[in-house]
Amino acid sequence: MSVSASFFDPSFRDWIDSAISPETASAAVLLDSSCRITDVTRDAAAILGCTPEQLRGRTLIDLAADGWRAAAESVTVHVRSGATESRELMLRGRSGRRQLVQIAARRVAPNERGQDGYVMAWVPQPARPIASASPNPQEAELLRLSYGLLSTHEAERSRVAAELHGGVAPLVIMIKFMVEDALRRLVAGAQPQAVEVLVNATGRLRDVIGEVRRISTELRPSALDDLGLLPTIEWFCRTFEETYHDIHVERLIAVNESEITEPLKLEIFRIIQEALANVAQHARAAKVRVALVRDRKALKLWIEDDGVGFDADRLQHEGTGAAGVGLQSIRKRIDGTGGRLIIQSRPHHGALIGAAWRLAPNDVASPRRTH
């Protein structure tokens, strides 16, 4: 076998036994940090009718059978998130050979060159009827949406990690040195100087508390749970205006809080957050309207600005990927909650980004307020 013997230490064997089955102990694959195969045992390669050399440098997405690419993307995100539960995937082997395998993986420590990655075990599964071997269009769409949500979750985790590493960690390290400096001064009898250093450290602690509160608010505003969606929208729009003095935000709210389901409230807030961020970064707008209204049997949300706009027809033809990450995130949130994306824009004529969700028939129709 070409794979390092560390693949087969007792802890890895125990993990394989619980994750899949003992028979997979020799069907192991080593992945780098981007989930690309760097080494593979002969038993694992033989499952696909390949040699180890033919699999090196490839990814699960490369090996996925027709109709299973979205599932392979989902499994890849699953592996990179650190989850160890097993998943099934249809792979394409040599000469188009299809093989359903059960996959489980776990992160491995950096090697002697400081490179980390994942170790994966896979085992062939019994053949299934053709009808269930490949996802139908509806299943493929669900897999695509699932992958989109997982990708969004992974991106959010990366953003929070970067915020903590770049914003909070340096402040905490600074405070640590300041406290140590104050202790040295106290031991040396320089009490006034030690007090001054501790006073400064207290100020830095306030900065840390502020950073943590900001990150926490971006993850999930406490006002959303304490006050509800509508007051949170009002608060966020005011905060946006205070940050971007040249942009006026007009609010139009004509819906009852009780008409909006709890899971949808957070998604609506995130859509507004993403849309206003796009306005601030790209639109060069002076005015933007945020509207959330009930229109007969539908709940409608739109964010409209008077900025430079874009070619909505080209965007619809090429897909939201042409418009950047923000709009992709908005689309995934709308699709994932059963809504319909609305895009209206022309160059130099502003833009409207919105969504519509069908409301339950028994919802109360009286609007909450308008201003």
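Preceding this section is the structure that the text describes.
Computed from a predicted model, the values in this text were never measured in an experiment.

So, how was this worked out
Residues numbered from 1 in each chain as written. Predicted model: local features only at pLDDT ≥ 70, side-chain atom pairs only at ≥ 80, totals over all residues. Heavy atoms only, no water. Helix = DSSP H or I, 4+ residues; strand = E, 2+ residues; numbered from the N terminus. Buried < 20%, exposed > 50% of the residue type's maximum accessible area, 1.4 Å probe, protein only. Contact = heavy atoms within 4.5 Å. Areas by Shrake-Rupley, 256 points an atom, 1.4 Å probe, with all protein chains shown as cover. Pairing = 2+ DSSP bridges. Axes fitted to C-alpha atoms, helices over the stretch in contact; angles between N-to-C directions. 1 Å grid on protein atoms, 1.4 Å probe; cavity = no way out; pocket = protein on both sides within 12 Å on 5 of 7 lines; lining within 4 Å. Points joined across faces, edges and corners; volume = space filled by probe spheres on them. Nonpolar A, V, L, I, M, F, W, Y, C, P; charged D, E, K, R; others polar. Salt bridge = Lys/Arg side-chain N within 4 Å of Asp/Glu carboxyl O. Patch = residues over 30% accessible without salt bridge, like charges linked within 9 Å, V, L, I, M, F, W, Y side chains within 5 Å. Parallel < 35°, antiparallel > 145°, perpendicular 65-115°, else oblique. Left-handed = near helix turned anticlockwise from the far one by under 90°. Core = buried A, V, L, I, M, F, W, Y, C linked by side-chain atoms within 4.5 Å. Expected span 1.5 Å × (residues − 1).

> Just checking my understanding: could you explain the overall build of the chain for this structure?
Scanning the chain from terminus to terminus reveals 13 helices and 10 strands. Taken across its 371 residues, the chain has 42% of its residues classed as buried. Considering only contacts within the chain whose residues lie at least 6 apart along the sequence, 62% involve residues at least 24 apart. Surface exposure of the chain reaches about 20,200 Å², of which carbon and sulfur atoms provide 54%.

> Please explain the sheet that holds strand β4 (residues 98-108) as it appears in this structure.
Sheets are built from strands that pair by backbone hydrogen bonding, the pairs being arranged parallel or antiparallel. Strands sit in the order β2-β1-β5-β4-β3 across an open sheet of 5 strands; the sheet is antiparallel. Looking at strand neighbours, the two that pair on one side only are β2 (37-40) and β3 (87-92), the edges of this open sheet. Neighbour-to-neighbour, the strand axes of the sheet open up by a mean angle of 35°, direction not taken into account. Inspection of the sheet shows strand β1 (residues 28-32) paired to β2 by 3 bridges, in the antiparallel sense.

> Is there a simple way to think about empty space enclosed by the protein in this case?
Which parts of space are left empty comes out when a probe the size of a water molecule is rolled across the atoms. Inspection of every chain in the model, using the stated rule, returns 1 cavity of 30 Å³ or more. One number sums up the size of the largest cavity: a volume of about 40 Å³. Secondary structure elements with two or more residues in the lining of the largest cavity: α5 (69-80) and β4. A class-by-class count of the residues in the lining of the largest cavity yields 6 nonpolar, 1 polar and 2 charged.

> What exactly am I supposed to notice about the pattern of salt bridges here?
Pairing of side chains with opposite charge becomes possible as their charged atoms draw close. Inspection of the entire model under this criterion finds 18 salt bridges. For Glu73, the salt bridge identified is with Arg69, shortest N-O distance 3.4 Å. Of this pair, Glu73 and Arg69 both sit in helix α5, 4 residues apart, roughly one helical turn. Salt-bridge contacts for Arg185 lead to Asp181; the nearest nitrogen and oxygen are separated by 3.1 Å. Note that Arg185 and Asp181 are positioned in helix α7 (residues 137-187) at a spacing of 4 residues, about one turn of the helix. Using a relative accessible area of 31% as the deciding quantity, one classes Arg185 as partly exposed. Salt bridges sharing partners connect three or more residues here, namely Glu234, Arg238, Glu241 and Arg251.

> Even after reading the chapter, I still don't get the pairing of β3, so can you show me in this structure?
Regular strands have side chains that alternate between both faces of the sheet. Alignment of β3 against β4, held across 6 bridges, turns out to be antiparallel. Bridge pairing links Arg87 to Ile103 in β4. Adjacent in sequence and paired antiparallel, β3 and β4 are bridged by 5 residues, among which Ser95 carries a positive phi angle near 60°.

> Explanation requested: a nonpolar patch on the surface in the structure shown.
On the surface, Val179, Leu183, Leu186 and Leu198 cluster together into a nonpolar patch covering about 320 Å² of accessible area. Among the elements that take part in the nonpolar patch, α7 stands out by supplying 3 residues, more than any other.

> I tried to follow the environment of Thr51 on my own but got confused; where do I start?
Looking at the element boundaries, Thr51 is found in the loop between α2 (42-47) and α3 (52-55). Take Thr51: its relative accessible area is 32%, and that puts it in the partly exposed class.

> Sorry if this is basic, but what is going on with the sheet that holds strand β6 (residues 248-254) here?
With mixed pairing, the 5 strands of this open sheet are ordered in space as β6-β7-β8-β10-β9. The sheet terminates laterally at β6 and β9 (340-345), the two strands that pair on one side only. Between one strand and the next, the sheet's axes are offset by a mean angle of 10°, whatever the strand orientation. Across the face of the sheet, helix α10 (residues 229-243) comes into contact with β6 and β7 (287-295) while running at roughly 170° to β6.

> Even after reading the chapter, I still don't get the packing of α10 against helix α11 (residues 262-283), so can you show me in this structure?
When two helices pack together, their arrangement is given by the angle between their axes and by how far apart the axes lie. Relative to each other, α10 and α11 sit at 15°, their axes nearing to 10 Å. Compared by their axis directions, α10 and α11 come out roughly parallel. Crossing geometry of α10 relative to α11 is assigned as right-handed. Contacts from Leu229, Thr232, Ile233, Trp235, Phe236 and Phe240 in α10 reach Lys265, Ile268, Phe269, Ile272, Gln273, Leu276 and Ala280 in α11. Looking at the contact of α10 with α11, its residues break down into 10 nonpolar, 2 polar and 1 charged.

> Would you take a moment to explain the pairing of strand β8 (residues 298-305) for this structure?
Counting buried positions over the 8 residues of β8 gives 6, a clear majority of the element. Between the antiparallel neighbours β7 and β8 lie 2 residues, among them Arg296 with a positive phi of about 55°. Summarising the sheet, β8 and strand β10 (residues 351-358) pair through 8 bridges and their orientation is antiparallel. Looking at β10, one finds that Asp305 is bridged to Ala351.

> Can you walk me through the nonpolar core in this structure?
Membership of the largest hydrophobic core comes to 39 residues, with the highest contact counts inside it found for Ile268 and Leu292. Among the secondary structure elements, those contributing two or more residues to this core are α10, β6, α11, β7, β8, α13 (325-336), β9 and β10. Tallying contributions element by element places α11 first for this core, with 10 residues. Not counting the four nearest positions on each side in its chain, Ile268 is found in contact with Leu229, Ile260, Leu292, Leu299, Leu301 and Trp357. If you look at the next biggest cluster of nonpolar residues, it comprises 31 residues, including Leu63, Leu89, Met90 and Ala105.

> Would you explain α5 in this entry?
Given 3.6 residues per helical turn, the α-helix brings residues three or four places apart onto the same face. For α5, spanning 12 residues, the distance from its first C-alpha to its last is 17 Å, which sits close to the expected 16 Å at 1.5 Å a residue. Those residues of α5 that sit buried are Ala70, Ala71, Ala72, Glu73, Ser74, Val75, Thr76, Val77, His78 and Val79. Phi for Gly82, located one or two positions after α5, is positive at around 95°.

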